[in-house]
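# Notes for the structure review
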Amino acid sequence: MVQPNTTVVPHDQPYYTSDLRNTRLIYTRNHQPFAERVAALQGQLQPDYEASFGYEMSERLYVGLMSEHNQIANGFATPFPVNRQINYVGGTLLGQEFATTSWLDTLIHHETAHNYQINPRNNPVSKTLYRILGMGSLVTPVVPAITPNLFESSFLLEGNAVLNESRHGNGGRLYNGHLKAMTLLQARAGQLTPALLYNRPLRFPYGQAPYVFGGHYQYYLASRYGIDRTNRYFFNRSSYWYWPLLVNAPTRDSFGDNFESLLQQWTHDLATEASELVEATGDIIATSQYFSPLNRNEGEVYFLINETGVRAPELVRLDRQQRRATRNRAPYPTGKLVEQDGALFTVAGRHTSPWRIHQGLYDDNALIVDGTEGRIVQGYLSDGRPVYFDVASSFSEPQLYVGDHFYREVNSSVLIGSDDALYYFVQDGRQRILYRNDTALFSLDTYYAQVVDVDSQGRVYVISNTEHGSGLFRADGDTQTRMLAADNIVDARLVDNNTVLAAAVSAENYYYTLQTLQPMAEPPFPPHLFWDQPAPEQASATQARTTQPEAKAHLLTNERRYSALRDLRYQGTDVMLSTAMATMRNGEEESHWLYSISAQFADPLTQNRFSLFAVRDSDLSHLAGIGYSNSQYFVLAGVQAFGVVSEQLDNLEIPDQSRDFGLSAELRVPLLQSGYWYGEVGGFRYLDYRKREREPQGGQAVLRRQTRFGHSLYPNSRFELEAFGVDDRGDTVSGGGVQLATDFPWQLYGGVSGRYARSDVERATQLDRRGVNLENSPQVLNNDPSILVIPGLVDSTYAREAAYGEIQLTKVMNLDAYAFRFPLSLRREALSLRYRHVNVNGATRGGDVAFDQYGLGLTLDLVVFNIAPIQLTVEYVHSDATPMTDEDSVNAAIAFGF
């Protein structure tokens, strides 16, 4: 009923609001200067987007700048519960990958593009339904789309946002050299197909693909048809309310050709250029499905890899003298390794408590190093002082500190030389200037360059653009020399003055290779996208309207305190209509209409949710009620109460002992969320209107340690203890459970678990439903932890005492089949074997029973309509012959949004 808030942490700082144009800014006092910046930016950006996307949003846009208690290198835009975008401080971790000057500007350009992509309703049906139902839904035999573009693929949504983030004179991922090389290599390998791009495949580079490949595809469209025509695709697409899962038709509307043809033309052009791209060679010492930067000290180069992508990372150490690499599995959070006092830690961001998310240094238990909270540590000087970016003040550009003193604003990671000199880039327009301490060494005409090393002669090594990707260059004075012929270099560290360990990207993975330096007279290539220097005759069709306003004071003139209750807003109404056959008391079967209507309200930060609902359930009872949940504070609370308008239990069930109301309430108190640990206590109360239903109230406590890395289908390790106590009409059920699980090589997963419950009733009864409740499937509405789920039960059973223990072994396979025109794609599958032993005492069906169960399960990881991942699990269970079980049964379950 209540879940932790995924927008902001509980017990966050106070927020304030200010309105301008059709936008409401939400920010903290500390972020007021950034809010002024965003106000100026939105004031110019929105008219630009209105002209480019072809419409003006009728809904107010809520723009949130979250506090430094939420240090996340991300942002998102969504129409739920209101038209909003949420922007997080913490992008200093990603500045070099994004090739941007200002993280805040990048967020605003990117996320506002999403708001304009999603919100058009270019048809009378969607407009009418939206006026009536808001962001709700109407589910009848026909399902018209209220917001058709919600059904668009991430490939087009994220790709278009990357296009728009890159065209405002602030840089962007389209300037990133190694992401260009990644795209060209995929084209060379024949992987840029409609089935793989428009889908959500589990293939390298995984979650990056919609942004990287989608961004370059959108750039192709914009360079050919103009930015405005490219952006207006989303307005055209929103006319397809009756079947919003189309892409070829709206593409023809926008560009005169279908999606598949345009994609083929784009990939043909890419493949032609890719034939000239040079890949890194040499001795490969490691590969990885996910990238972590390199680092080194005097004796070693060290970094993290995840070779399979589904297990804990490995720490690789390359001895610089012996040139011998060692590998040890170490469950660090993914990030750049930094050495402190001889120990290695990663720069990452995670929960450090249930109410705080910090960036800092983390150990291999994912616990933060004391004193590094809110610091992106670059390294340490010889006297022990840390060199770091202060997260709280780096919402726009990284603020560099040395020890406790502010050093300056920079635009890249910082390399600490052997003499404690600091090397870093500062962006000035299109010029990227390399500094050594306070001295400018040289500048490059690009947004993409990072300093990676300094040799014994003081020459600086940088990664920057080549014509077809990114490469390694050496700067000696004002002269830049290319040091490797490869165009796919991502990172590098010197082994000696003649040898380098280079991280490179391929079509299948990242690989780490030892190479001999080969100087050649070639400087970095200045990437100029078409909007940088448009031809005069193209200006009206393709010129980007740059948006680089200065932050202005006093734009936040109507400021007021944000209130989660006062700021509740109407989200929408969900309407579902269906029919069902019911067996009446006289034995006749009758068809009846069932309905569910729910009006939702929430505040923009989703700290409070309120609902009004009416429903006719499967017992033909008309119910109406309210629901409320709160995740603003340390205690998470929720309640749902309803009254019975009318019921027909007299005609369906004997005897009718119903009451005229029902209630469900829940409290959760997270106590621990740090490293891989999580713990909470909670309480609940459930009261149904059917009096003979159970009326449980009680509490439970959970302590869990779980790891899950990469794209693993199951946890890589799991330890969980649970204890509960439940009172039901004066009877008490108590017990608990335990789970232990781990992974093995070759994507094998194994585990043991057990559960026990005991009631203090002298005799369990079926009619009054007293005792330990045994069910053959989980209960959706009644969150009662004392219910034991045992597959194969003939029906609900009650017992004085029950327990089970089980062993499970699962093998994940990676046989995939992706389709573009067919509505179902297969990503992977898993076969599982399960043995369970069950002991039941004093059961209402069978008395004292002990039996064994054997299960064979198949899980399919699927994508429906190219956009919606689901897991479908089917399990066959064979049970010993007992009065309470079927010998053979089949269970099925679907999990959405995995």
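Residues numbered from 1 in each chain as written. Predicted model: local features only at pLDDT ≥ 70, side-chain atom pairs only at ≥ 80, totals over all residues. Heavy atoms only, no water.

Along the backbone of the protein there are 14 helices and 49 strands. The C-alpha atoms of the protein give a radius of gyration of 30 Å, which matches the 29 Å a tight globule of 898 residues would have. By its C-alpha atoms, the protein is 95 × 65 × 50 Å across when sized along the principal axes. In the protein, buried positions account for 56% of the 898 residues. (Helix = DSSP H or I, 4+ residues; strand = E, 2+ residues; numbered from the N terminus. Rg over C-alpha atoms; globule rule 2.2 N^0.38 Å. Buried < 20%, exposed > 50% of the residue type's maximum accessible area, 1.4 Å probe, protein only.)

All right, on to the confidence of the model for the protein then. Confidence in the prediction for the protein averages 93 pLDDT; 96% of positions are at 70 or higher. Below pLDDT 50 for its whole length, residues 535-548 participates in 31 contacts with residues either more than four positions away or in separate chains. (pLDDT = per-residue confidence, 0-100. Contact = heavy atoms within 4.5 Å.)

Here we come to the packing of aromatic side chains. Per the counting criterion, the structure on display carries 42 aromatic pairs. An angle of 55 degrees between the planes, with centres 5.5 Å apart, marks the rings of Tyr570 and Phe601 as tilted. In this pair, Tyr570 is assigned in strand S31 (residues 569-583) and Phe601 in strand S32 (residues 589-602), connecting sequence segments 31 residues apart. One aromatic cluster is present, built from ring pairs that chain together Tyr49, Phe53, Tyr55, Tyr116, Tyr233, Phe234 and Phe235. Stacked on the ring of Tyr435, the Lys or Arg Arg408 has its end atom at 4.6 Å from the ring centre. Over the aromatic face of Tyr804 sits the side chain of Arg836, whose NZ or CZ is 4.1 Å from the ring centroid. (Phe/Tyr/Trp six-rings, centres within 6.5 Å; stacked < 30°, edge-to-face > 60°. Lys NZ or Arg CZ within 6 Å of the ring centre and 35° of its normal.)

Excluding glycine, residues mostly carry a negative phi; peptide bonds, for their part, are mostly trans. In the segment running from Phe80 into Pro81, the intervening peptide bond is cis, with an omega of -10 degrees. As for its placement among the helices and strands, Pro81 is situated in the loop between strand S4 (75-78) and strand S5 (84-87). Geometrically, the link from Phe204 to Pro205 is a cis peptide bond, its omega value of 5 degrees lying close to zero. In this fold, Pro205 is placed in the loop between helix H7 (194-197) and helix H8 (209-225). One non-glycine residue with positive phi stands out, namely Trp746, at about 65 degrees. Tracing the backbone shows Trp746 in the loop between strand S40 (731-744) and strand S41 (748-759). Look at Phe865: it is not a glycine, yet its phi comes out positive at around 55 degrees. Structurally, Phe865 can be placed in the loop between strand S47 (847-864) and strand S48 (868-879).

The next point concerns the pairing of strand S45 (residues 801-813). Taken together, the eleven bridges between S41 and S45 define a ladder with antiparallel strand orientation. Bridging from a neighbouring strand, Ala757 pairs with Ala802 of S45. When S45 meets strand S46 (residues 824-843), the two strands line up antiparallel, connected through 13 bridges. Note that in S46 the partner of Gly805 across the bridge is His837. (Pairing = 2+ DSSP bridges.)

Moving on to the nonpolar core. Core analysis: the biggest nonpolar cluster contains 103 residues, and Phe303, Leu501 and Tyr512 have the highest contact counts within it. Not counting residues within four places of it along the chain, the set of residues in contact with Phe303 comprises Ile285, Ala286, Pro293, Leu294, Glu314, Leu315, Val316, Leu337, Leu501 and Tyr512. (Core = buried A, V, L, I, M, F, W, Y, C linked by side-chain atoms within 4.5 Å.)

Quick look at the packing of helix H5 (residues 154-165) against H8 now. Closest axis-to-axis distance for the H5/H8 pair is 7 Å, and the angle between their directions is 70 degrees. Classified by the angle between their axes, H5 and H8 sit roughly perpendicular to one another. Between H5 and H8 lies a crossing of right-handed hand. Within the contact between the two elements, H5 uses Ser154, Phe155, Leu156, Glu158, Gly159, Asn160, Val162 and Leu163 and H8 uses Pro210, Tyr211, Phe213, Gly214, Gly215, Tyr217, Gln218, Tyr219 and Ala222. Residues that form the contact of H5 with H8 fall into these classes: ten nonpolar, six polar and one charged. (Axes fitted to C-alpha atoms, helices over the stretch in contact; angles between N-to-C directions. Parallel < 35°, antiparallel > 145°, perpendicular 65-115°, else oblique. Left-handed = near helix turned anticlockwise from the far one by under 90°. Nonpolar A, V, L, I, M, F, W, Y, C, P; charged D, E, K, R; others polar.)

With that settled, consider the packing of helix H6 (residues 177-188) against helix H12 (residues 259-274). Packing of H6 against H12 leaves a shortest axis separation of 8 Å and a crossing angle of 105 degrees. On the basis of the axis angle, H6 is roughly perpendicular to H12. In this structure, H6 uses Lys180, Thr183, Leu184, Ala187 and Arg188 to contact H12, whose residues at the interface are Trp266, Thr267, Leu270, Ala271, Glu273 and Ala274. Its residues assigned to classes, the contact of H6 with H12 shows six nonpolar, two polar and three charged.

So, about the sheet that holds strand S12 (residues 336-340). Strand order across the open sheet formed by three strands is S12-S13-S14, with antiparallel pairing between neighbours. For this open sheet the edge positions go to S12 and strand S14 (356-362), each flanked by a neighbour on one side alone. Strand-to-strand twist in this sheet, taken as the mean axis angle between neighbours without regard to direction, amounts to 35 degrees.

The next subject is the pairing of strand S38 (residues 696-707). As paired elements, strand S37 (residues 677-687) and S38 share nine bridges and run antiparallel to each other. Bridge pairing links Phe684 to Gly698 in S38. As paired elements, S38 and strand S39 (residues 717-728) share twelve bridges and run antiparallel to each other. Each residue of the ladder has a partner; that of Thr707, found in S39, is Ser717.

Spatially, four strands are ordered S19-S20-S21-S22 in an open sheet, and the strand pairing comes out antiparallel. Strands at the two margins of the open sheet, each flanked by one partner only, are strand S19 (415-416) and strand S22 (439-445). When strand S20 (residues 422-428) meets strand S21 (residues 431-436), the two strands line up antiparallel, connected through six bridges. From the neighbouring strand, Tyr424 faces S21, where its bridge partner is Tyr435.

Within the structure shown, the criterion is met by 44 salt bridges. Across the salt bridge formed by Asp419 and Arg436, the nearest N and O atoms sit 2.5 Å from each other. You can see Asp419 sitting in the loop between S19 and S20 and its partner Arg436 sitting in strand S21, a full 17 residues away along the chain. Here Arg436 falls in the partly exposed class, since its relative accessible area comes to 29%. Bridged by salt links that share partners, the residues Asp19, Arg24, Arg60, Arg560, Asp567 and Arg569 form one connected network. (Salt bridge = Lys/Arg side-chain N within 4 Å of Asp/Glu carboxyl O.)

Turning to a nonpolar patch on the surface, a few remarks are in order. On the surface, Leu671, Leu672, Trp677, Val681, Leu703, Leu721, Val738, Leu740, Val752, Ile807, Tyr835 and Tyr854 cluster together into a nonpolar patch covering about 960 Å² of accessible area. Among the secondary structure elements, those contributing two or more residues to the nonpolar patch are strand S36 (661-674), S37 and S40. Looking at where Trp677 falls in the secondary structure, it is placed in strand S37. On the basis of relative accessible area, Trp677 is assigned to the partly exposed category, the value being 32%. (Patch = residues over 30% accessible without salt bridge, like charges linked within 9 Å, V, L, I, M, F, W, Y side chains within 5 Å. Areas by Shrake-Rupley, 256 points an atom, 1.4 Å probe, with all protein chains shown as cover.)

It is worth spelling out H12 at this point. Under the 1.5 Å per step criterion, the end-to-end length of H12 is 22 Å for 16 residues, consistent within 8% with the ideal 22 Å. Those residues of H12 that sit buried are Phe259, Leu262, Leu263, Trp266, Thr267, Leu270 and Ala274. Within H12, the buried residues cover an arc of 130 degrees as seen down the axis, which keeps them to one side. Summarising the geometry of H12, the exposed residues directed more than 90 degrees from the buried face are Gln264 and His268. Those residues of H12 hidden inside the fold are in contact with H5, H6, H7, H8 and helix H11 (248-255). Of the residues flanking the start of H12, the one acting as N-cap is Asn258, its side-chain oxygen 3.2 Å from the backbone nitrogen of Glu260. (Expected span 1.5 Å × (residues − 1). Arc of directions from axis to C-beta. Polar contact = N/O pair within 3.5 Å; in protein donor to acceptor, adjacent residues only side chain to side chain.)

Relative to the helices and strands, Leu129 is located in helix H4 (residues 124-133). With 500 residues separating them along the chain, Leu129 and Ser629 place their C-alpha atoms 27 Å apart. Once residues within four sequence positions are removed from consideration, Leu129 is found in contact with Gly134, Leu138, Pro144 and Ile146.

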